[in-house]
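Examining the three-dimensional arrangement
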Amino acid sequence: MFDVKTKTIELSGDRQIVLETGKMAKQADGSVVVRQGDTMLLATVVAAKKAKTDVDFMPLQVEYKEKYASCGRFPGGFLKREARPSDNEILTSRLIDRALRPLFPSNYHADVFVTVNLISADPDIQADALAGLAASAALAVSDIPFECPISEVRVARVNGELVINPTFSQMEDSDLELLVGATYENILMIEGEMKEISELEMIEAIKFAHVEIKKHCLVQMELAKELGKEVKREYCHEENDEELKARVIAATYDKVYEIAKSTPAKHERSDKFDEVEAEFLETLSEEEKETKSSMAKRYFHDLVLKKAMRNMVLDEGIRLDGRSTTDIRPITCEPGILPAPHGSALFTRGETQSLTTVTLGTKLDEKQIDEVLHKGTEKFVLHYNFPPFSTGEARPVRGLSRREIGHGNLAFRALKNMVPKGEANPYAVRVVSDILESNGSSSMATVCAGTLALMDAGIKLIKPVSGIAMGLIADNGRFAILSDILGDEDHLGDMDFKVTRTRDGITAAQMDIKVDGLPYDVLEKALEQAKAGCMHILGKITDAISEPREDYKPQVPRMVQIPVPQEFIGAIIGPGGKIIQEMQKESGATITITEQGDQGLVDIFAIDKAAIDFVTAKIKGIIAVPEVGEIYSGKVKSIMPFGAFVEVLPGKDGLLHISEIDVKRFESMEETGLKEGDMIEVKLVGFDRGKMKLSHRVLLPGGDTPRERAPREDRGSRDNRGRDNRGGRDNRGGRDNRSSYEHKDNRAPRENKETVKPVATPVTTEKKESEDK
């Protein structure tokens, strides 16, 4: 029933990657299961038989999906099923797409759908590093036109050693992480983050990854050969007319070259290009307009615009906006441009502009992550928005695009290791970059604006970070490396290489290469040129704001952190959260508690210092241990016939007996004048079975002498009130009527012992009530 083929790739550390085809999803054009340990990915690929009309691009769609069942979990939410893709799934889909797209034939325009599902998950294996290999293997065993297999691997430097496809636990000790995509011959794609490494260290990691990728590509080639899939399907998605091609070039090339050389403004240049194209289309016959207009437009774009721009750079060293290959566009940095946000900055470089804000929040504002392989919180987040008006487009905003998620993630990775952690930064931090204008490298503008806004907010950045986008134009052995590329140079060039760094090293990088056979020495030169550009931009940033603000802005909530013994966390929270909610309600502050080791960390956030002081005093009172001999200012919580219960510390009451209120005697609590809510100074004089005994009398003049016992006749008069009527009790055969007791019990009395419990009197009843309280 199944014709199963398998191939094995050996990894270091006695690990194996197994490729299997022929068992699952056989109706797809190609399907492969990739397995490492308990992690399994099912990759499928399906292509339409025909291309849609008037499609002149590669309609490739990649979907990466992690199934919660793969690790035995239920999805969150009300519906309990997978819904929209997570950011991580979108980013992985983009990584696969960027490696695969350049390898489809340029004239192949049929819809292609690549789907990669995580169907079994080892919690310590990073499945996204296997997704590119799975997608390529599915294409390799299909008949869909595809130049050659690729693979992607993650390379990390763990404790100084480079490791292929490290585990989650190994990544905790890593200072470099790169995901590299390549064919057997060429590097295609790079993305990653680093902790200030050098350019040479980065190239070493890329080379190390490529050695491993070559093994993966050879295995896929062997699998395709065994299945007879070396010959791909035939197609015809483009028609060509050599005579029309020659006419387009002859009529438009010189005009386009002159415009490219003399018109630096983006929209003005684009409008003039459109005019040249429209003029040529008008020269076509009516029949040609109906049948060959799209062909003529394709020739104009691919053979005129692209070649004119590239030749101008290679022949004359002049770029579309008149700069040389190493020039950086004019830069303006304006930190603190908005008055109300916690931090803000406007960064403008040429025709690219980012307005970035920073918001500081509490632990409750941290990003909650609930993904298949990752659960937790993220204290620092960065969001990137690219509205249509930034490029002059007249279209509505329709949700968040994959491009926005990808560009925001690159800027996030560039900055995150420079944002202090722990006590150096108690806040949750949200950075939002709104792109107001775009003509090249808006993600790098986000990095620069983010640095400015964070320092404006008073966040003590470890070091400022800048970023630059580099380009490459290569033709027949000639090449030119471009610093700070324009949008057209990105679109018409052969490489888009973004690098972010501090003065001491690289923090993030992203590269897409569209040309074969890029030598490593060219890549090394591009990195060195990028370093010079980043240092120039860093100078502009530090000229505008050399250090983070000394203090946060007035509208920023202040925070105080109090470590507390773990056993007091429950007391601070209170039953059902009553105590902590009351403190928040009374003060207006936000209070969070985190358990860390054997202690708790209480964070108090409030704009008003008085609110922080109020909560701080309350919490310190809760965790304080009452000490005998200490004097407290307490609040009367309740009045009883025998005294008052006074709260000396939050949640800690003691009994102030009626006899300890004053040096004079009171016959009832009404005489004392105490009421609930009154404040009174008391001294803790002792404990009675764990209950605090308080005294106000000992704080008064003459109150520190022991109270004398009342004379017998006085006690007798009290007996008449029924309080200490010993005689009455004796007449009832009580404590002092020994002879009566002995006669009735017919036993000798026990020396110095009371042989019968006294009859309950009002006094003993009051004591019982106190104990119950």
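Position numbers for residues start from 1 in each chain and track the written sequence from start to end. Note on the predicted model: pLDDT of at least 70 is required for a residue's local features to be given, and 80 or more for side-chain atom pairs to be given and counted; whole-chain, interface and lining totals, by contrast, use all residues. Hydrogens and water are ignored here; the side-chain numbers use all heavy atoms of the structure.

What to know about the overall build of the protein
Think of it this way: any DSSP run of H or I at least four residues long counts as a helix, any run of E at least two long counts as a strand, and we number them from the N terminus. The number of helices and strands found in the protein is 19 helices and 29 strands. Every radius of gyration here is taken over C-alpha atoms, with the globule rule written as 2.2 Å times N^0.38, N being the number of residues. Taken over C-alpha atoms, the radius of gyration comes to 39 Å for the protein, far larger than the 28 Å a tight globule of 773 residues would show. Along the longest, intermediate and shortest principal axes, the C-alpha atoms of the protein span 140 × 65 × 50 Å. Type-normalised accessible area, obtained with a 1.4 Å probe on protein chains alone, sets the label of each residue: buried when under 20%, exposed when over 50%, and partly exposed for intermediate values. Every one of the 773 residues in the protein was classed for burial, and the buried ones make up 49%. Considering only contacts within the protein whose residues lie at least 6 apart along the sequence, 69% involve residues at least 24 apart. Taken as a whole, the protein presents about 38000 Å² of accessible surface, with 50% of it coming from carbon and sulfur. We count Lys and Arg on the positive side and Asp and Glu on the negative side, and we leave His and both chain ends out. By convention, the charge on Lys lies at NZ, on Arg at CZ, on Asp at CG and on Glu at CD. Taking the average location of the 107 positive side-chain charges in the protein and that of its 128 negative ones, the two points are 7 Å from each other. Whether two residues are in contact is decided by their heavy atoms, any of which lying within 4.5 Å being enough. Accessible areas in this description were obtained via Shrake-Rupley with a 1.4 Å probe; residue shielding takes into account the shown protein chains only.

Details of unusual backbone geometry
Residue Lys80 is not a glycine yet carries a positive backbone phi of 60°. Mapped onto the fold, Lys80 is located in the loop between strand S5 (60-66) and helix H1 (87-100).

Thoughts on the sheet that holds S5
Backbone hydrogen bonds hold the strands of a sheet together, and the pairing may be parallel or antiparallel. Here six strands make up an open sheet; going across it, the order is S1-S2-S3-S4-S6-S5 and the pairing mixed. If you trace the sheet from one side to the other, it starts and ends with strand S1 (5-11) and S5, each paired once. Within this sheet the neighbouring strands show an average axis-to-axis angle of 15°, counted without direction. Here H1 sits on the sheet in contact with S5 and strand S6 (112-120), set at roughly 140° to S5. Axis definition: a line fit to C-alpha positions, over the contact stretch in the case of helices; interaxial angles, taken between N-to-C directions, run 0 to 180 degrees. Across the sheet, helix H4 (residues 199-226) is in contact with S1 and strand S2 (15-21); its angle to S1 comes to roughly 170°. When DSSP finds two or more bridges between a pair of strands, those strands are recorded as paired.

Here we look at the packing of H4 against helix H11 (residues 520-544)
Here H4 crosses H11 at 145°, and the two axes come no closer than 10 Å. With respect to the hand of their crossing, H4 and H11 are arranged in right-handed fashion. Where H4 approaches H11, its residues Glu199, Leu200, Met202, Ile203, Ile206, Lys207 and His210 are matched on the opposing element by Tyr520, Leu523, Glu524, Leu527, Glu528 and Lys531. Gly falls in the polar group here, along with every residue not listed as nonpolar (Ala, Val, Leu, Ile, Met, Phe, Trp, Tyr, Cys, Pro) or charged (Asp, Glu, Lys, Arg). Here the residues of the contact of H4 with H11 sort into seven nonpolar, one polar and five charged. Each crossing gets its hand from how the near helix is turned against the far one by less than a right angle, where anticlockwise is left-handed and clockwise is right-handed.

Structural notes on the sheet that holds strand S18 (residues 466-475)
In space, the eight strands of this open sheet follow the order S8-S7-S9-S10-S21-S20-S18-S19, with antiparallel pairing throughout. The two strands at the open ends of the sheet, each matched to only one other strand, are strand S8 (161-164) and strand S19 (478-483). Strand-to-strand twist across the sheet, computed as the mean angle between neighbouring axes with direction ignored, equals 15°. Both strand S7 (residues 151-158) and S8 contribute to a ladder of four bridges, which runs antiparallel. By the bridge assignment for S8, Val155 is matched with Ile164. The strands touched by H1 are S7, strand S9 (174-182), strand S10 (187-197) and strand S21 (506-513); relative to S10, the strand with the most contacts, the crossing angle is about 130°. Lying on the sheet, helix H8 (residues 402-416) is in contact with S9, S10, strand S20 (495-501) and S21; it crosses S21 at an angle near 150°.

Quick notes on the environment of Thr359
Relative to the helices and strands, Thr359 resides in strand S13 (residues 352-361). Judged by relative accessible area, Thr359 falls into the partly exposed class, the value being 40%. Once the C-alpha coordinates of Thr359 and Val429 are considered, the two residues, 70 residues apart in sequence, prove to be 5.9 Å apart. Other than its neighbours up to four places away in sequence, Thr359 contacts His342, Ala428, Val429 and Arg430.

Considering the pairing of strand S4 (residues 39-47)
Extensive coverage of S4 is indicated by the burial of eight of its nine residues. Here strand S3 (residues 30-36) pairs with S4 via seven bridges, running antiparallel. Looking at S4, one finds that Val32 is bridged to Ala43. Linkage of S3 to S4, two consecutive antiparallel strands, is achieved through a turn of two residues, within which Gly37 is found at a positive phi near 60°. Note: S4 against S6, eight bridges, orientation antiparallel. If you follow Ala47 over to S6, its bridge partner there is Val112.

Focus: the environment of Pro339
On the secondary structure map, Pro339 appears in the loop between strand S11 (331-335) and strand S12 (343-349). Overall, Pro339 belongs to the exposed group, its relative accessible area being 74%. Expressed as a C-alpha distance, the spacing of Pro339 and Gln36, which sit 303 residues apart in the sequence, is 53 Å.

Side note on the pattern of salt bridges
Salt bridges are counted wherever a side-chain nitrogen of Lys or Arg sits within 4 Å of a carboxyl oxygen of Asp or Glu. Scanning all chains against the criterion turns up 53 salt bridges. When the shortest N-O distance is used, the salt bridge between Arg269 and Asp488 registers 3.6 Å. In this pair, Arg269 is assigned in helix H6 (residues 266-282) and Asp488 in helix H10 (residues 487-492), connecting sequence segments 219 residues apart. Between Arg478 and Asp315 there is a salt bridge, with the nearest N and O atoms lying 2.8 Å from each other.

Comments concerning a nonpolar patch on the surface
Here a patch means residues that are over 30% exposed by relative accessible area and free of salt bridges, tied together within 9 Å if like-charged and within 5 Å if nonpolar (Val, Leu, Ile, Met, Phe, Trp, Tyr). A cluster of nonpolar side chains, Met1, Phe2 and Val4, forms an exposed patch at the surface whose accessible area comes to about 360 Å². Looking at the secondary structure, you find Val4 in the segment before S1.

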